[in-house]
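Okay, here's what each chain looks like letter by letter:
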Amino acid sequence: KYPYNYPFSRDVFICSTEKVGDKYTVTIRFNRYFISRYSNELNVYCSITNNNKKEEMFENSKEEDVSTWEKLRFTDVSIIDKQSDIIQNLIENKKVIEAEEAKESDVGEKVIDLMIFMGQSNMVGFGNISSDSEQKIEAVKDKNGNIINKEFKLYEDTEEKIESPRLLDLQEPFGTYQNYKQDESMSQSTGSMVTAITNAYYKETGVPVVAVSSSVGGKSVYSWWNEEEEKNIGLKDAKEKYEAAVKYLSENGYTIRNKYMIWCQGESDSGTQSIIPKTTATHYDTYLAQGQSYVDRLNAIINSMENITIKVDDREEKIGIDKAFLVRIGNRSGSYGTFNDIQDIQTKMCKTQDNVVLASTAFKAVSLCKDTVWNSDEERYEYKYLIRDDLLHYHQEGYNLVGYDAGKNIAYYTNTGREPELVDYSVNKSTNEVEATEYKGLDKQHIISVNLDKKELSLAKGKTEALVATLNPEENDEDKTITWSSSDDTVATVDAEGNVTAVKVGTATIKATASNGKYATCQVSVTNNLVQIEISKLPQKLTYIKGEDLDLSGLELTLNYEDGITTKTITAPNDEITVDGYNKEEVGEQNITVTYEGKTATFKVVVKERTYFDVKDYTLKEKYILNIKPGTKLSDFMKHIDTNMEYEILDRDGEEIDDQSLIGTGSKLKLQDGDIYTLVTDGDINGDGIIDISDLGIVAAYVVENAKLENEYFLAGDLNDDDVIDISDLSIIANLITK
């Protein structure tokens, strides 16, 4: 009781206890600011059961006679303790996501998923990241330290509403100067759950996120959708930013894979009837119990975001969201009863409707969490309370836990096409016991994506080719109809079966769209009809040995089209070029026909018999013939050559030599197939075919004075084949001269 003997009701405070040794510490945290003025005069009586022994404990008491005290029974305090299990799971989920590597994705560069974050103040975010006492959150980065996810901002960071569309690194605080400024304190984020959501989503999908902020603090669903359209301040703001984001991303070369709306709102609808237009206190309970008014308005918001269109070439193109995800609101701190009505309405919507998926129930746990929990590694995780002193908003720790939970669940839907299974908590009204429940959404396999067998297609005017579209997964519970469309029917048309017909020269985008809005595209280029092909460059190889395969490398074709102006050059190898007329087993000249899109051109090749080459009594080393004796005549040398090819012997100057000429070092043997061998005569350093004192002098100069001696002349001087020329080689040359 506080002074004047007025008792406190249950939802005014939170009580927690801790036993150290044989002493208890009881902490009572009050949920109203004004109570703190009287807290020094509070009298408290607690009845505690421990080990089946009832103990009485008193604190801050001015009297010892407890019979004069009003006893306060904490019948529902168990919900705080029960929530510790889910809080520990949320902590573990956060730790795992932060530690894991991002999933590999093959979507390509500048492919993103677009998310627009909508709701009221808890979507804006009331974390205090500037405070040292609150847990910070780091945006996920690539290997070079660059932040991966981006924030699209439509307005400048000023109080005035000046458009300046741009992409910035996504980090907290998210959405500054971007939310509707009905209440400055509510519109300026000081730390939200968005970074945690996008961090988790990227880790689980491998696809970057572009996030857009559009929230209105302290406003009911009626401020988002109202019978009087000019009062739809939230929806107007969201549609304006969403359209601007899609336009900006498209103009800057981005491909938007998925488009999601993330909704977190409802505290104002449950808090008081005064903010619900045309709803009196008498009818407020009916409004909450039926929930239809809230459901109708939220559905109107979702439908409006789904049906956003823009004008492209005098036609309307649908660019709206693919799916809405709901981050369900929590309770007032310490009380399971507040906001339960809106929670039930939101949960029922997600269980029965196909257009909205429940992304997280974690705010309920976070809002009722006591100040200290333990994780599975017995590592203490401490907070000053996850919910702020105003009992409605959260510290950054709370936003982070809910964000990681929601981001992972949204990614699960993206990856699998199935709604996530969540852990929830409810209170049994008859027993006041807290019960863990399992939430399951619609048991439905959604279409994740559409795939086309071609991403690009080139067609000549008048030609038709079929595109094949498949749904992923093929076995799904949605309407499997695929709708085909062309961005420009004057360039290329497509029928209901995916058959594309080229109409005139130009480019068009063919789109295959599934019943749930997922789509894939193919870029079609329509060209003039081809009238002639010419060989502008012959292949590099035109002579073949029997058995060799044809090699078109280097072949270049010039394509001439019907307008007499357009030409195109293609090179081989190319899958669209075919050849005919080559027989690798037939010796002689052959005519080769090249065909491209029905047009032909020809060139010639020559196939020759397979050849061989060897030497007798000499040594072949790379392209050298070694160990020729000094004084060997050409006629004698030729007796040692074994080949079926024609060949010629040339001296060092490239001149032919006769049969009686001596084979000197540096002479060349040139084969028909183009191979050339250099001849090396033992000890003949000067290349005259004999060995004499001049050769000895050259070798001596090399040994003594390091004179230059290389290639075939070095081989001629290395008579003992030890890869060096030294005194032993000099001795051999001297002996040969003497003989």
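For the structure, see preceding data.
Below you will find a few notes about this structure. (Residues numbered from 1 in each chain as written. Predicted model: local features only at pLDDT ≥ 70, side-chain atom pairs only at ≥ 80, totals over all residues. Heavy atoms only, no water.)

1. What to know about the packing of aromatic side chains
- Applying the stated criterion to the full structure yields 13 aromatic pairs.
- Both rings, one in Tyr260 and one in Phe325, keep their centres 4.8 Å apart while their planes meet at 75°; by these two values the pair is edge-to-face. With Tyr260 in strand β9 (residues 255-264) and Phe325 in strand β12 (residues 323-327), this residue pair connects regions lying 65 residues apart in the sequence. When sorted by exposure, Tyr260 lands in the same class as Phe325, which is buried.
- Centre to centre, the rings of Tyr618 and Phe637 are 5.6 Å apart; their planes meet at 20°, and the pair counts as stacked. Residue Tyr618 is found in the loop between β34 (613-615) and β35 (619-621), and its partner Phe637 is found in helix α12 (residues 634-638); the two are separated by 19 residues along the sequence.
- The buried category is assigned to Phe637, whose relative accessible area is 0%.
- Among the aromatic residues, those joined into a ring-pair cluster are Tyr201, Tyr260, Phe325 and Tyr413.
- Over the ring of Tyr254 we find Lys110, and its NZ or CZ is 4.6 Å from the ring centre. (Phe/Tyr/Trp six-rings, centres within 6.5 Å; stacked < 30°, edge-to-face > 60°. Helix = DSSP H or I, 4+ residues; strand = E, 2+ residues; numbered from the N terminus. Buried < 20%, exposed > 50% of the residue type's maximum accessible area, 1.4 Å probe, protein only. Lys NZ or Arg CZ within 6 Å of the ring centre and 35° of its normal.)

2. Considering the side chain of Asp695
- Its place among the elements puts Asp695 in helix α13 (residues 693-705).
- Put simply, Asp695 is tucked away with no salt bridge, and the nearest opposite charge, on Arg652, sits 8.6 Å away.
- Apart from residues lying up to four places away in sequence, Asp695 is in contact with Gly683, Asp684, Ile685, Asn686 and Ile690. (Lys, Arg positive; Asp, Glu negative; His and termini not counted. Salt bridge = Lys/Arg side-chain N within 4 Å of Asp/Glu carboxyl O. Contact = heavy atoms within 4.5 Å.)

3. Re the pairing of strand β5 (residues 111-119)
- In terms of burial, β5 is largely enclosed, as nine of its nine residues are buried.
- Sheet topology places β5 next to β9; eight bridges connect them, and they run parallel. By the bridge assignment, Val111 is partnered in β9 with Thr255.
- Judged from the seven bridges that link them, β5 and strand β8 (residues 209-215) form a sheet pairing that is parallel. (Pairing = 2+ DSSP bridges.)

Geometry only, nothing functional implied.
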